[in-house]
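Coordinate inspection notes
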Amino acid sequence: MLNIHTIGGYDEVGKNMTALETGEDVLLFDAGIYLPAVVGVQEREKNPTEKWMREIGALPDDLYLDKKNLRNKVRGILVSHAHLDHIGAVPYLGPRYKCPVAAPQFTIEVLKKLLEDNRNGIPNRMMSVKPNDSITIKGKENYKVEFVNITHSTIQSTMIAVHTKSGVVLYANDYKFDNTPTFGDKPNYQRLKQLSKIGIKALIVDCLYANDDRKTPSERIARGLLEDVLFTTENYKSGMVITTFSSHIARLKTIVEFGKRLDREVVFLGRSLNKYVSAADVIGKAPFKNQIQIVKYRRQMEKVLQRINKNKRKYLIVCTGHQGEPGAILDRMSRNQLAYKLSPDDHVIFSSKTIPTPVNIESRSQLEKRLKKFNVRIFDNVHVSGHGGREDLRDLIKITNPEHVIPSHGDLKKTEAGMNLAIEMGYKKNYNVHLMTNGKNLTLK
Ligand SMILES: [Zn+2]
């Protein structure tokens with residue numbers, strides 16, 4: 001018998017956490033934060049504690065496990081990839097569990113960087129796993145846990161397969177099927193098919209875009225979109241600023257390559273870019289690192305920006321702030337607080353999409369208003385998503401042929417769309433496709 005406990009990420013996009021209970025053991029999938037809750041957190045609180053983070057609604061409500069007497073049965077925290085809505089809660093919640101944290105290598109390196117900010121560190125042992133490798137998690141029983149390579153918007157993203165007596169539980173947050181990734185390997189279809197032969201008892205799956213009738217385009221397309229903007233607009237004399245997700249190493253690699261082709265010196269600005277690029281570099285996945293300058297300290301930044309400002313056409317700035325985050329580089333640039341002065345015809349390229357939460361939409365539109373006062377050229381949404389659409393989900397269900405489908409990674413509007421697709425494919429509601437909310441338990445016999 002298996003019990004699946006939905007702790008976070010079923011009523012919102014963020015703070016992902018699911019518990020798999022089997023016999024006397026519990027395994028946790030992901031421990032993420034709710035990003036809208038932590039906007040501007042550094043300005044509000046220098047050393048956020050677990051208690052404080054709980055109060056602002058940033059953490060999954062894992063006190064649920066205490067109430068169910070399950071906390072002491074947790075044998076492992078298994079993290080799928082390096083995005084904060086999947087790993088960001090580990091520094092706060094890890095110490096509550098006497099067990100290892102297991103994740104792909106890049107995710108472990110990012111976690112170490114996050115812990116540098118969190119002075120206390122965590123006592124949990126860290127298990128750094130190469131994608132497509134497996135580990136054993138020891139409990140009352142032993143569990144083979146595989147980290148199957150998949151494509152998404154950060155490197156070394158994985159689907160986690162836990163082998164139990166009742167079959168395989170496959171945790172598929174987050175993914176898309178990208179057959180032409182620009183960096184890293186294709187999805188490991190072969191292993192997914194083998195797992196389906198072994199028998200997948202339950203598929204817990206990303207339904208963020210289950211409502212969208214499409215297959216999410218490859219990262220190759222995002223590369224094409226960027227190429228189009230960078231090489232077909234009149235920008236020979238212009239300043240050029242690109243902002244994108246700091247964890248999107250493949251995208252950053254593309255930007256650096258194009259910067260070189262434009263004969264511009266590429267400069268990365270901002271602490272979070274430094275954090276993710278350094279983490280990638282530790283595992284040998286930042287091949288562009290020696291071709292760029294990374295500036296993380298404010299004093300150093302002023303000097304560099306003064307130099308760039310005098311000769312804009314020679315540089316390409318990559319910076320943080322695509323969501324309009326207060327205090328990020330682009331935010332400060334738009335408020336004229338930096339030595340780089342925006343001027344007409346400067347290219348400001350958002351290689352990103354605004355995350356559709358009220359906070360993000362508002363700060364992003366304010367940012368744009370401020371930018372437009374400088375008469376810069378704005379290129380929005382030069383981006384493709386890392387999350388699969390409805391047709392990716394259909395393929396995933398076909399390939400893995402799970403006995404049960406559990407839609408996740410969103411509120412009911414999103415998970416319901418995932419459920420409806422499963423029903424279209426022959427599943428029955430409450431029988432083998434299950435619509436869940438946070439803090440619920442599903443028993444699979
Ligand atoms: Zn993700």
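Calculation criteria
Residues numbered from 1 in each chain as written. Predicted model: local features only at pLDDT ≥ 70, side-chain atom pairs only at ≥ 80, totals over all residues. Helix = DSSP H or I, 4+ residues; strand = E, 2+ residues; numbered from the N terminus. Rg over C-alpha atoms; globule rule 2.2 N^0.38 Å. Buried ≥ 20, exposed ≤ 12 C-beta atoms within 10 Å, placed from the backbone. Contact = placed C-beta atoms within 7 Å. Pairing = 2+ DSSP bridges. Axes fitted to C-alpha atoms, helices over the stretch in contact; angles between N-to-C directions. Core = buried A, V, L, I, M, F, W, Y, C linked by C-beta atoms within 7 Å. Domains from an automatic or database assignment. Expected span 1.5 Å × (residues − 1). Arc of directions from axis to C-beta. Nonpolar A, V, L, I, M, F, W, Y, C, P; charged D, E, K, R; others polar.

1. Concerning the overall build of the protein
Secondary structure summary: the protein contains 15 helices and 19 strands in total. Against the compact-globule benchmark of 22 Å for 445 residues, the protein has a radius of gyration of 22 Å, which places it among compact chains. C-alpha atoms of the protein, sized along the principal axes, occupy 70 × 45 × 40 Å. Within the span of the protein, comprising 445 residues, buried residues form 51% of the whole. Across the protein, the fraction of contacts at a sequence separation of at least 24, relative to all contacts at a separation of at least 6, is 76%.

2. Some remarks on the sheet that holds strand S4 (residues 74–78)
With respect to topology, seven strands assemble into an open sheet ordered S6-S5-S4-S3-S2-S1-S19, the strand pairing being mixed. Since the sheet does not close on itself, it has two edges, and those belong to strand S6 (126–129) and strand S19 (440–444), each with one partner. The sheet shows a mean angle of 20° between the axes of neighbouring strands, taken without regard to direction. Across two bridges, S4 lies against strand S5 (residues 101–104) in parallel orientation. From the neighbouring strand, Leu 78 faces S5, where its bridge partner is Ala 102. Its contacts with the sheet place helix H6 (residues 105–117) against S5 and S6, and it is angled at close to 120° to S5.

3. Topic: the sheet that holds strand S17 (residues 377–379)
Strand order in the open sheet formed by six strands is S14-S13-S15-S12-S16-S17, with parallel pairing between adjacent strands. For this open sheet the edge positions go to strand S14 (292–295) and S17, each flanked by a neighbour on one side alone. The average angle at which neighbouring strand axes cross in this sheet is 20°, direction not considered. Two elements, strand S16 (residues 347–351) and S17, share three bridges in a ladder whose sense is parallel. Its bridge partner being in S17, Ile 349 is matched across the sheet by Phe 379.

4. Re the nonpolar core
Core analysis: the largest hydrophobic core is formed by 125 residues, its most contacted members being Leu 28, Leu 170, Ile 317 and Val 318. Looking at this core, you find at least three residues from each of domain 1 (2–215 + 386–444) and domain 2 (219–379).

5. Thoughts on helix H15 (residues 412–424)
For H15, spanning 13 residues, the distance from its first C-alpha to its last is 18 Å, which sits close to the expected 18 Å at 1.5 Å a residue. Listing the buried residues of H15 in full gives Lys 414, Thr 415, Gly 418, Met 419, Leu 421 and Ala 422. Buried residues along H15 cover an arc of 160° about the axis, so they all sit on one side. In H15, the exposed positions angled more than 90 degrees off the buried face are occupied by Lys 413 and Glu 424. The elements touched by buried residues of H15 are strand S11 (200–206), helix H14 (390–400) and strand S18 (404–408).

6. Topic: the pairing of strand S9 (residues 157–164)
For S9, a buried count of six out of eight residues is recorded, marking the element as mostly surrounded by other parts of the structure. When strand S8 (residues 142–150) meets S9, the two strands line up antiparallel, connected through seven bridges. Its bridge partner lying in S9, Phe 147 is registered against Ile 160. Across five bridges, the pairing between S9 and strand S10 (residues 167–172) is antiparallel. By the bridge assignment, Val 162 is partnered in S10 with Val 169.

7. Points about the environment of Ala 250
Summarising the element assignment, Ala 250 is placed in helix H9 (residues 249–261). Given 23 C-beta atoms within a 10 Å radius, Ala 250 is considered buried. Taking the C-alpha atoms as reference points, Ala 250 and Phe 183, separated by 67 residues in sequence, lie 5.3 Å from one another. Among residues more than four places away in sequence, those in contact with Ala 250 are Ile 155, Pro 181, Thr 182, Phe 183, Gly 184 and Glu 219.

8. What to know about the domain arrangement of the protein
Its domain assignment divides the protein into domain 1 (2–215 + 386–444) and domain 2 (219–379). Between the C-alpha centres of domain 1 and domain 2 the distance comes to 30 Å. If you look at the interface, domain 1 gives 21 residues, while domain 2 gives 23 residues. Listing elements by their share of the side of domain 1 that touches domain 2, those giving two or more residues are helix H1 (41–44) and H6. Per-element tally for the side of domain 1 that touches domain 2: the top contributor is H6, with five residues. Considered class by class, the residues forming the side of domain 1 that touches domain 2 number eight nonpolar, nine polar and four charged.

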